[in-house]
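These are the residues of each chain, in order.
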Amino acid sequence: MKKILLIAAASTVLSMGSVQANPYDALGCAGCHGAGGKSSIPTYPSLNGQQAAYTVKQLKDFQSGARKDATMGAMAGLAAGQEQAIADYLAAQ
Ligand code: HEC
């Protein structure tokens, strides 16, 4: 019982934290893709409002090399383990 309460408390703290410091911002993705994934640089795609499953797949494809881009290949590695959180954040923008 205690464990369940602890997990519930921890996930509440985590979900509150993700509002302020989501992995998208923490990893510097906004530097290219813009705040909230709304890019203002023509050569960098906007990511806001994209289907989360699509974003997760692109990040994994960049990581595996199935999709090749020198810049994103490196950046996608940083997102390892946080693909879903990033994708959910972007889908909600
Ligand atoms: C230095 C600039 C730069 C940074 C920083 C960067 N990206 Fe990208 N990103 C790009 C470019 C350029 C592309 C287009 C790649 C291509 O042509 O295939 C791209 C493509 C993508 C795509 C595919 C979009 C689509 O519509 O298919 C996703 C998803 C993505 N980036 C997520 C991220 C995430 C998450 C981060 C942070 C971990 C990040 N990017 C950081 C430059 C950047």
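Up top is the structure.
Each residue is numbered by its place in its chain's sequence as written, counting from 1. Side-chain atom pairs in this predicted model are given and counted only at pLDDT of 80 or more, local residue features only at pLDDT of at least 70, and totals for whole chains, interfaces and linings cover all residues. Hydrogen atoms and water are omitted, and side-chain values are computed over all heavy atoms in the structure.

1. Considering the overall build of the protein chain
Rules: A run of H or I in DSSP counts as a helix once it spans at least four residues, and a run of E counts as a strand once it spans at least two, with each numbered from the N terminus. Burial here depends on accessible area, computed with a 1.4 Å probe over protein chains only, as a share of the maximum for the residue type. Under 20% is buried, over 50% is exposed, and the range in between is partly exposed. The criterion used for residue contact is that any of the two residues' heavy atoms lie within 4.5 Å. The method behind every accessible area is Shrake-Rupley, applied with a 1.4 Å probe, and residues are considered shielded solely by the protein chains displayed.
Regarding its fold elements, the protein chain presents six helices and zero strands. Taken from the N to the C terminus, the helices and strands of the protein chain come in the order α-α-α-α-α-α. Expressed as a percentage of the 93 residues in the protein chain, the buried residues total 26%. For the protein chain, restricting intrachain contacts to residue pairs at least 6 apart in sequence, the fraction spanning at least 24 positions comes to 50%. Of the roughly 6,200 Å² that the protein chain leaves accessible, carbon and sulfur atoms contribute 64%.

2. Let's talk about the site of the ligand
To keep it simple, the criterion reads: We call a residue near a molecule or strand as soon as one heavy atom of that residue lies within 4 Å of the molecule or strand. We define a polar contact as two N or O atoms separated by no more than 3.5 Å, with the added condition that, inside protein, one atom must be a possible hydrogen donor and the other a possible acceptor, whereas residues neighbouring each other in sequence contribute only through side-chain atom pairs.
Taken together, 20 residues lie near the ligand, and C29, C32, H33, Y54 and M72 sit nearest. The contact in question runs from a nitrogen atom of the ligand to an N or O atom on the side chain of H33, over 2.7 Å. Breaking the shell around the ligand down by element, the ones donating at least two residues are helix 3 (30-33), helix 4 (52-64) and helix 5 (70-78). The element best represented in the shell around the ligand is helix 4, accounting for five residues.

3. Notes on the environment of Q82
Along the chain, Q82 falls in the loop between helix 5 and helix 6 (83-91). Taking the C-alpha atoms as reference points, Q82 and Y24, 58 residues apart in sequence, are found 8.9 Å from one another. Sequence-distant contacts of Q82, that is, excluding residues within four places in its chain, are made with P23 and L27.

4. Here we look at the side chain of H33
In this structure, H33 sits in helix 3. Of the residues examined, H33 reaches a relative accessible area of 10% and is grouped as buried. Excluding anything up to four places from it in sequence, H33 contacts Y24, K38, S39, Y44, P45, L47 and M72.

5. What to know about the coordination of the iron atom of the ligand
What counts here: Distances up to 2.8 Å from the metal define which N, O and S atoms are donors, and 3.2 Å serves for Na, K and Ca; water is absent from the atom set, so sites may look incomplete. The rule is simple: four donors are tetrahedral if all their angles sit between 85 and 135 degrees, four are square planar and six octahedral if opposite donors span more than 155 degrees and the others lie between 65 and 115, and anything that fits none of that is irregular.
In the first shell of the iron atom of the ligand, the protein supplies H33 (NE2) and M72 (SD), at 1.9 to 2.2 Å from the metal. Around the iron atom of the ligand sit six donor atoms; with metal-centred angles ranging over 85 to 179 degrees, the donor geometry is octahedral. With H33 in helix 3 and M72 in helix 5, this residue pair connects regions lying 39 residues apart in the sequence. As far as the burial class goes, H33 and M72 line up, both buried.

As far as function goes, none of this settles anything; it's purely spatial.
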